[in-house]
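Architecture and fold: a report
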Amino acid sequence: MRRFSIISIFAGMAMMASAVSPMHVKLYPDGAPSVNGLENTPESITEKGYYTNVSDPELLVYLPDKGKSTGQAMLVVPGGSYRNVCTPREGDKTAQWLTDNGITAIVLKYRMPNGHYDIPLEDGAAAMHMIRDKADEWGYSRDNVGAIGFSAGGHFVSNLITRYPDAEARPEFAVLVYPVISMNYSNAKTRENLLGDKSDDPQMRKAFSTNENVHKDVPETLIVLSDNDRLVKPENSLRFYRALKQNGIKAEMHIFPTGGHGFWMRDNFEHAAEAYPMVMRWIKQHDLSTKTK
């Protein structure tokens, strides 16, 4: 155990040493098209490094070394129960992992819905539009963009890939990590933060249970979770996977026996040695630049 701790410390130091500061790009330079009711509440960062009370969203853009770039990009959406944006592991460390593999990573610091349930889709679509528009400047192909989301960020991405308003807003593929899917199986606070005073409305719960919105044009999806997740029950992922297969969508799902909720990029995640290479393998399999036309 002592040897593992020492290795972990040095690995963490190496990651910190190689980390780069992202570019901060306003998602709505001229102001957001709608309000979430938090415009007069100061945005802040919690002791854990989570953004909270976000009303002015940004893209945090991490670029790989030019000689290493694969021409692929990923929209990264951290979780946080639709109350915070938990960027340290699900944003910053994920971005570093992607750029180390030559993939441009764009972390979305999105607005808290605060009961304004259409805001996540609005921010997701705007982010995808900007990512495609900036492709030449940021160094990847505009048609080679996927999305990865965690927990509530997994719901965010599953909502985007099922309800995208136009083709430019649709990612080419998606990775959902311990995602919230069903408003009946989600954490109550997550549901309330998204739906507000309509969180007990059966029709609204159904409308925002993203397994109900899967159709034949949803992109290929990878789902990753743990069997002992007590916060976001595995039934969430199972329902989405079943809906994908019922609609003929290619999908892959991996359920690790342990890890609980929020295992991603944790130093003590015991299945790390197989999980991260597996996810990276799947992402690279969907790199359009390497596919034979």
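Each remark here, short or long, concerns the structure printed above.
Before going into details, it helps to say that this report is about the structure given with it. Remember, predicted model here, so these are calculated numbers, not experimental data.

1. Looking at the overall build of the protein
- Along the protein, the regular secondary structure elements total 9 helices and 11 strands.
- For 293 residues, the compact-globule estimate of 2.2 N^0.38 gives 19 Å, and the protein sits close to it at 18 Å.
- With the C-alpha coordinates aligned to their principal axes, the bounding extent of the protein is approximately 50 × 45 × 45 Å.
- A buried classification covers 51% of the 293 residues belonging to the protein.
- Counting every atom, the protein has about 13,400 Å² of accessible surface; 51% of that belongs to carbon and sulfur.
- Side-chain charges of the protein comprise 33 positive and 35 negative groups, with the mean position of each set lying 5 Å from the other.

2. Regarding helix α9 (residues 272-285)
- Under the 1.5 Å per step criterion, the end-to-end length of α9 is 20 Å for 14 residues, consistent within 8% with the ideal 20 Å.
- Those residues of α9 that sit buried are A275, Y276, M278, V279, M280, W282 and I283.
- Along its buried surface, α9 packs onto β5 (73-77), α2 (87-100), β9 (173-177), β10 (220-226) and β11 (251-256).

3. Quick word on the packing of aromatic side chains
- Counted under the stated rule, the structure contains 12 aromatic pairs.
- Considering the side-chain rings of F150 and Y178, the 6.3 Å spacing of their centres and the 50° angle between planes classify their relative orientation as tilted. Note that F150 is positioned in strand β8 (residues 145-150) and Y178 in the loop between β9 and α6 (188-195), a separation of 28 residues in sequence. Taken individually, F150 and Y178 each receive the classification buried, so the pair is uniform in this respect.
- Positioned above the aromatic ring of Y51, the side-chain terminus of K109 is 4.6 Å from the ring centre.

4. Quick look at the sheet that holds strand β2 (residues 44-45)
- If you trace the 3 strands from one edge of the open sheet to the other, you get β2-β3-β6, paired in antiparallel fashion. In this open sheet, the two edge strands, each paired with only one partner strand, are β2 and β6 (84-85).
- As judged from the 2 bridges shared by β2 and strand β3 (residues 51-52), these two strands associate in the antiparallel manner. In the strand pairing of β3, S44 is matched with T52.

5. Considering the sheet that holds strand β4 (residues 58-62)
- Overall, mixed pairing links the 8 strands, which are arranged β1-β4-β7-β5-β8-β9-β10-β11 in an open sheet. Both outer strands of the open sheet, β1 (23-26) and β11, are each paired with one neighbouring strand and no more. If you compare each strand with its neighbour and ignore which way they point, the axes differ by 20° on average.
- Sheet strands touched by helix α5 (residues 152-163): β5, β7 (104-109), β8, β9 and β10. Its angle to β8, the strand with the most contacts, is close to 140°.

6. Description of the pairing of β7
- For β7, the tally of buried residues reaches 6 of 6 residues, placing the bulk of the element in the interior.
- Alternating residues of β7 divide into T104, I106 and L108 and A105, V107 and K109, and every residue in both groups is buried.
- Bridging between β4 and β7 involves 5 bridges; their strand directions are antiparallel. Opposite L59, over in β7, you have L108 as the bridge partner.
- Here β5 runs beside β7; their pairing, made up of 4 bridges, is parallel. When the bridges of β7 are listed, A73 appears paired with T104.

Cut-offs applied
Residues numbered from 1 in each chain as written. Predicted model: local features only at pLDDT ≥ 70, side-chain atom pairs only at ≥ 80, totals over all residues. Heavy atoms only, no water. Helix = DSSP H or I, 4+ residues; strand = E, 2+ residues; numbered from the N terminus. Rg over C-alpha atoms; globule rule 2.2 N^0.38 Å. Buried < 20%, exposed > 50% of the residue type's maximum accessible area, 1.4 Å probe, protein only. Areas by Shrake-Rupley, 256 points an atom, 1.4 Å probe, with all protein chains shown as cover. Lys, Arg positive; Asp, Glu negative; His and termini not counted. Charge placed at Lys NZ, Arg CZ, Asp CG, Glu CD. Expected span 1.5 Å × (residues − 1). Contact = heavy atoms within 4.5 Å. Phe/Tyr/Trp six-rings, centres within 6.5 Å; stacked < 30°, edge-to-face > 60°. Lys NZ or Arg CZ within 6 Å of the ring centre and 35° of its normal. Pairing = 2+ DSSP bridges. Axes fitted to C-alpha atoms, helices over the stretch in contact; angles between N-to-C directions.

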